[in-house]
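Survey of secondary and tertiary structure
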Amino acid sequence: MMGAWSARHRKTAVFGWLLFVVLAAFLGGVSGSHEITDSESMPGQVARAAKILDDAGIKSPAGETVLVQSSTLTAADPAFHAKVDQVVAAINGTGKAADLRSPYQTKAISADQHSALVQFNLPGTSDDAVKNVAATNDAITALQKSDGSFTVAEFGEATAHKWISEQFKNDFASAEWTAVPLALGILLIAFGAVVAAVLPVGLALTAFVAAGGLVALSSRFLHTSNDASSVMLLVGLAVGVDYCLFYLRREREERAAGRDAATALKVAAATSGRAVLVSGITVVVAMAGMFFTGIADFQAMSYATIVVVVTAVLGSLTVLPALLSMLGDRVEKGRVPFLHKLKAKDPNSGSRVWNAVLTPVLRFPLAATLLAGGLLLAVAAPLLTMHTANLTFQQSLPKGNALVQTSQRIEAAFPGSPSPATVVVKAADINSPAMKQAIADFQTRALATGRMHGPIEVTLHPEQNVATIDVPLNGSGNDAASTAALSTLRQDVVPNTLLKVPGTEAPVTGSTAGSHDFNQQMTSSMLPVFAFVVVFAFVLMLASFRSLGIAVTAVVLNLLSVGAAYGVLTLVFQHGVGASLLGTSGVGAVESWVPLFLFVILFGLSMDYHVFVVSRIKEAHDRGLPTRAAVAHGIRSTAGVVTSAAVIMVAVFAVFGTLSMQSMKQMGVGLAVAVLIDATVIRGVLLPSVMTLLGERNWYLPSWLSWLPNLSHEEPTPPATVGTPASPAANGPLDPPADPVDGPRHRRVNA
């Protein structure tokens, strides 16, 4: 047994873990992270367009625009023209811009003549553009400050990318500095001692550091992303602390019951250790389902999460027993007098709150099941109206953001201009008469549809036989008008013009196309991912507990908590109900990747509680307690640790709900709500009521499934303090009288 080995070889386990963490971090740092490329990041035609450009060595420069706007003057006014000339001179003065175009050359002047666009490119890679755009941003900001009679504001790919990168970095640092102290504070309240509180957080952080190094090291083969790092921190901190908490609380409980240190560790390894292992495997299996999406970002997040969970499980099963063996009762060092007194003297007695909830639940299980189930179904009901979409730049950023306001002004004056569709044409001979005629026909047909408008810009790359055609679409970018325009472009305009030339490819890319293709890929992969996760979770629960009833119950209850989380997401972020309380507003849609991501994460994480709680119930039942009494004992003995673990998870996830980006808010709020529901309504009401109703049928395994491997949780030695059903001590306030469904009360005698 791994835990027993670690306890016997304490120094080897501890120093081996530290060496592993240092080596992983060092090698990962030396290797560096290899990020997902443009051609990998999106599916469909967008991916093909990126591949054509990559193969041709064509790096599309980052396009930037400067809006010059006056409420009183028109573009024909000399003062307006002078302001445009000032903008052109300021941008030229930075030495960073290329292909600078005045609106008086390009005719980029609004229909009402009060707005004009100065356009330019930032050459080089996207990283170069992000670095260089700071100079043009500063120059334009200085111009705006010097004369308030005009609106002068810059917006473009590099400006947006720069803001998002910086905000992402700041948010990530904020999450780290907020989540870790929060977890420490909650653990300090839970244990009442500094050492016991620091241990889980320290182990979780070292697991995160090691996992980060391993992900960076392997990113040569499976590219990673910034999103993957955030998710790794989010999940790694949550599960790392939870796993350590489960193990530590069980060891402390056994010591409080009179066990010697070695036996307490042995019991913790055989019970909580196995629960941690099964829980970790469940999270890994659930996260592996994201590989079915075929989307590189999801695969990167999946892989990073799998690595951090496996690392956290490894740490919990190896270095944690060694540390507990070294520390012994010194794990209670640094006691905070007031907090330490708050701990229940009897770890099996449960809190007053849980006792008050559980007593009526076990007395009236059918009513509890109907009420709690009805409540969750009501909370989940809004998901029937859920609309998913790749949120636009305006929807993703905080309300009132300066870049969003500039983007809205440009869009109002020049519909479709900020993010036109781009047709990437790869031909046998881009300069052939047939191809030139096809491009001319394309422009004519596109404008004739009424769903696209000018100016249509054609850029030829004759050496590579590639051309790019930028076509402004009607609509805001992800609304019905934009989708209809994209469909017309792909299904009518392109096939009837460009593709009539033999040997020509013409995939359509751009933000609208990217959103559409991403949603299509998400929709098509949803069923395979859901099926994979549900089936494997069911099989794992079946093998772990050798019970058909428990496996079915686990899946159904998890689906209920996920459904409730979806309902809250839809209500808050799509319809805006209560959004102001979170510092946001309803944006009319849920980010397209969030529901699937939440499903796999929640299905994995909720098994933490299910495995831990049901393991304790099964232990009590295997020792002879009837189901109802075993449920009472299992819930009561795990109430404290489940509450502490849930509060930590909710706190960590809620931190992400406070971040700037809309997708991070949705992810954090969805996870926090689901975990809160799972740890309260599901584990405190539905699980005990359903198990009480099922009675002995909870433990039923059909004979044709007897071949399943035995992964059940068996305690190595008899319990020290759990009474028999016949003993008055055994019937605490949560142990109701025998029920016919439980069958006769008897004690099992093991030979």
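To be clear, the structure that these remarks concern was listed above.
Here is a short report on the structure shown in this document. None of these values were measured; they are calculated from a predicted model.

**Some remarks on the overall build of the chain**
Counting its regular elements, the chain contains 26 helices and 10 strands. Radius of gyration (C-alpha) of the chain: 30 Å, near the 27 Å computed for a compact globule of 751 residues. Counting every position in the chain, which comprises 751 residues, the buried fraction comes to 55%. For the chain, the exposed area adds up to about 30,300 Å²; of that, 62% sits on carbon and sulfur atoms. Looking at the chain, you have 50 positive and 50 negative side-chain charges, and the mean spots of the two groups are 13 Å apart.

**Regarding unusual backbone geometry**
A positive phi angle, near 55 degrees, is found at Asp99, a position not held by glycine. Considering the arrangement of structural elements, one finds Asp99 in strand S2 (residues 98-101). Taking the relative accessible area as the measure of exposure, Asp99 reaches 48% and is therefore partly exposed. Unusually for a residue other than glycine, Asn465 sits at a positive phi of about 55 degrees. Position of Asn465 relative to the elements: it lies in the loop between strand S7 (457-461) and strand S8 (466-471). By relative accessible area, Asn465 is classed as partly exposed at 21%.

**Things to note about the sheet that holds strand S1 (residues 62-69)**
Spatial ordering of the open sheet is given by S2-S3-S1-S4, a layout of 4 strands whose pairing is antiparallel. Only two strands of the sheet have a single neighbouring strand rather than two, namely S2 and strand S4 (151-156). Recorded for the sheet is a direction-independent mean angle of 15 degrees between the axes of neighbouring strands. Looking at chain direction, S1 and strand S3 (residues 115-122) are connected through 8 bridges and run antiparallel.

**A closer look at the packing of aromatic side chains**
Remark: the centre distance and the inter-plane angle together describe each pair of aromatic rings, the angle taken between the planes. Per the counting criterion, the structure on display carries 10 aromatic pairs. Ring geometry for Phe298 versus Trp593: centroids 6.4 Å apart, planes at 80 degrees, classification edge-to-face. Taken as a pair, Phe298 in helix H13 (residues 296-317) and Trp593 in the loop between strand S10 (590-591) and helix H24 (594-622) lie far apart in primary sequence, 295 residues in all. Arranged with centres 5.6 Å apart and planes meeting at 75 degrees, the rings of Trp593 and Phe597 form a pair that is edge-to-face. Pair check on accessibility: Trp593 and Phe597 agree, each one buried. In textbook terms, an aromatic cluster arises when at least three aromatic residues are bridged by ring pairs, as seen for Phe298, Phe518, Trp593 and Phe597.

**Here's the deal with the sheet that holds S8**
Within the open sheet, the 4 strands sit side by side as S7-S8-S6-S9. Their pairing is antiparallel. Both outer strands of the open sheet, S7 and strand S9 (508-509), are each paired with one neighbouring strand and no more. The sheet contact formed by S7 and S8 spans 5 bridges and is antiparallel. Considered in S8, the bridge of Val458 is made with Ile469.

**What about the nonpolar core?**
Phe298, Val423, Leu489, Leu498, Trp593 and Phe653 are the most contacted members of the largest nonpolar core, which totals 203 residues. Excluding its chain neighbours within four sequence positions, the residues that come into contact with Trp593 are Phe298, Met301, Phe518, Met522, Ser663, Met664 and Met667. Among the nonpolar cores identified, the runner-up in size contains 22 residues, and Ala62, Val68, Leu143 and Ala158 belong to it.

**Remarks on the packing of helix H2 (residues 10-31) against helix H9 (residues 194-218)**
What describes two packed helices is the angle between their axes and the distance between those same axes. At a minimum axis distance of 7 Å, the contact between H2 and H9 shows a crossing angle of 40 degrees. Relative to H9, the element H2 lies oblique. Here the hand of the crossing between H2 and H9 comes out left-handed. Residue-level contacts link Trp17, Phe20, Val21, Ala24, Ala25, Leu27, Gly28 and Ser31 of H2 to Leu203, Thr206, Ala207, Val209, Ala210, Gly213, Leu214, Ala216 and Leu217 of H9.

**Some words on the pairing of S8**
Of all 6 residues in S8, 5 are buried; the element is thus mostly enclosed. The sheet contact formed by strand S6 (residues 421-426) and S8 spans 6 bridges and is antiparallel. From the neighbouring strand, Thr422 faces S8, where its bridge partner is Asp470. Between S7 and S8, which pair antiparallel and follow one another directly, the connecting turn spans 4 residues, one of which, Asn465, has a positive phi of 55 degrees.

**A closer look at the environment of Val68**
Relative to the assigned elements, Val68 resides in strand S1. Residues Val68 and Gln144, 76 residues apart in the sequence, show an inter-C-alpha distance of 9.7 Å. When residues no more than four places from it in sequence are discounted, the contact partners of Val68 are Phe80, Lys83, Val84, Val87, His114, Ser115, Ala116, Val118, Phe150 and Thr151.

**Some remarks on the pattern of salt bridges**
Under the criterion given, the structure shown has 16 salt bridges. For Lys83, the salt bridge identified is with Asp147, shortest N-O distance 3.4 Å. With Lys83 in helix H5 (residues 78-94) and Asp147 in the loop between helix H7 (126-146) and S4, this residue pair connects regions lying 64 residues apart in the sequence. Judged by its relative accessible area of 4%, Lys83 falls in the buried class. Residue class for Asp147 comes out partly exposed when judged on its relative accessible area of 24%. When the shortest N-O distance is used, the salt bridge between Glu619 and Arg250 registers 3.0 Å. Here Arg250 lies in helix H10 (residues 226-256) and Glu619 lies in helix H24, a separation of 369 residues in the sequence.

**Some thoughts on the side chain of Gln299**
Secondary-structure assignment places Gln299 in helix H13. Given the relative accessible area of 19%, Gln299 is considered buried. Sequence-distant contacts of Gln299, that is, excluding residues within four places in its chain, are made with Leu222, Met290, Phe291 and Gly294.

**Here's the deal with a nonpolar patch on the surface**
Judged by side-chain polarity, Leu19, Leu23, Phe26, Leu27, Val30 and Leu217 come together as a nonpolar surface patch covering roughly 560 Å² of accessible area. When residues of the nonpolar patch are assigned to their parent elements, the largest contribution, 5 residues, is made by H2. With respect to the element layout, Leu19 can be found in helix H2.

**Some details on H7**
Count 3.6 residues to each turn of an α-helix, and residues three or four apart come out pointing the same way. Compared with an ideal rise of 1.5 Å per residue, which puts 21 residues at 30 Å, H7 spans 30 Å between its outermost C-alpha atoms and is within 8% of the ideal. Taken as a whole, H7 carries its principal kink of about 30 degrees at Asn132. Among all positions of H7, only Ala129, Val130, Val133, Thr136, Asn137, Ala139, Ile140 and Leu143 are buried.

**Remarks on a positive patch on the surface**
Taken together, Arg10, Lys11, Arg330 and Lys333 make up a surface patch of like positive charges. Residue placement: Lys333 occurs in the loop between helix H14 (319-327) and helix H15 (337-342).

**Overview of the packing of helix H17 (residues 365-380) against helix H26 (residues 662-694)**
Across the interface, H17 lies against H26 with an axial gap of 8 Å and an inter-helix angle of 145 degrees. H17 and H26 meet at a crossing whose hand is left-handed. Across the interface between the two elements, Pro365, Leu366, Ala368, Thr369, Ala372, Gly373 and Leu376 of H17 pack against Ile677, Val681, Ile682, Val685, Leu686, Ser689, Val690, Thr692 and Leu693 of H26.

**Quick notes on the side chain of Glu64**
Tracing the backbone through its elements, the reader meets Glu64 in strand S1. Buried charge without a salt bridge: Glu64, with Lys162 as the nearest opposite-charge side chain at an N-O distance of 10 Å. Among the polar contacts listed, one links the side chain of Glu64 to the backbone nitrogen of Glu157, at a separation of 3.2 Å.

**Points about helix H25 (residues 627-657)**
Taking 1.5 Å as the rise per residue, H25 with 31 residues should run 45 Å; its terminal C-alpha atoms sit only 39 Å apart, a clear shortfall. The largest bend along H25 measures about 50 degrees and falls at Ala639.

Conventions and cut-offs
- Residues numbered from 1 in each chain as written.
- Predicted model: local features only at pLDDT ≥ 70, side-chain atom pairs only at ≥ 80, totals over all residues.
- Heavy atoms only, no water.
- Helix = DSSP H or I, 4+ residues; strand = E, 2+ residues; numbered from the N terminus.
- Rg over C-alpha atoms; globule rule 2.2 N^0.38 Å.
- Buried < 20%, exposed > 50% of the residue type's maximum accessible area, 1.4 Å probe, protein only.
- Areas by Shrake-Rupley, 256 points an atom, 1.4 Å probe, with all protein chains shown as cover.
- Lys, Arg positive; Asp, Glu negative; His and termini not counted.
- Charge placed at Lys NZ, Arg CZ, Asp CG, Glu CD.
- Pairing = 2+ DSSP bridges.
- Axes fitted to C-alpha atoms, helices over the stretch in contact; angles between N-to-C directions.
- Phe/Tyr/Trp six-rings, centres within 6.5 Å; stacked < 30°, edge-to-face > 60°.
- Core = buried A, V, L, I, M, F, W, Y, C linked by side-chain atoms within 4.5 Å.
- Contact = heavy atoms within 4.5 Å.
- Parallel < 35°, antiparallel > 145°, perpendicular 65-115°, else oblique.
- Left-handed = near helix turned anticlockwise from the far one by under 90°.
- Salt bridge = Lys/Arg side-chain N within 4 Å of Asp/Glu carboxyl O.
- Patch = residues over 30% accessible without salt bridge, like charges linked within 9 Å, V, L, I, M, F, W, Y side chains within 5 Å.
- Expected span 1.5 Å × (residues − 1).
- Bend = angle between axes of the 7 residues up to and from the residue.
- Polar contact = N/O pair within 3.5 Å; in protein donor to acceptor, adjacent residues only side chain to side chain.

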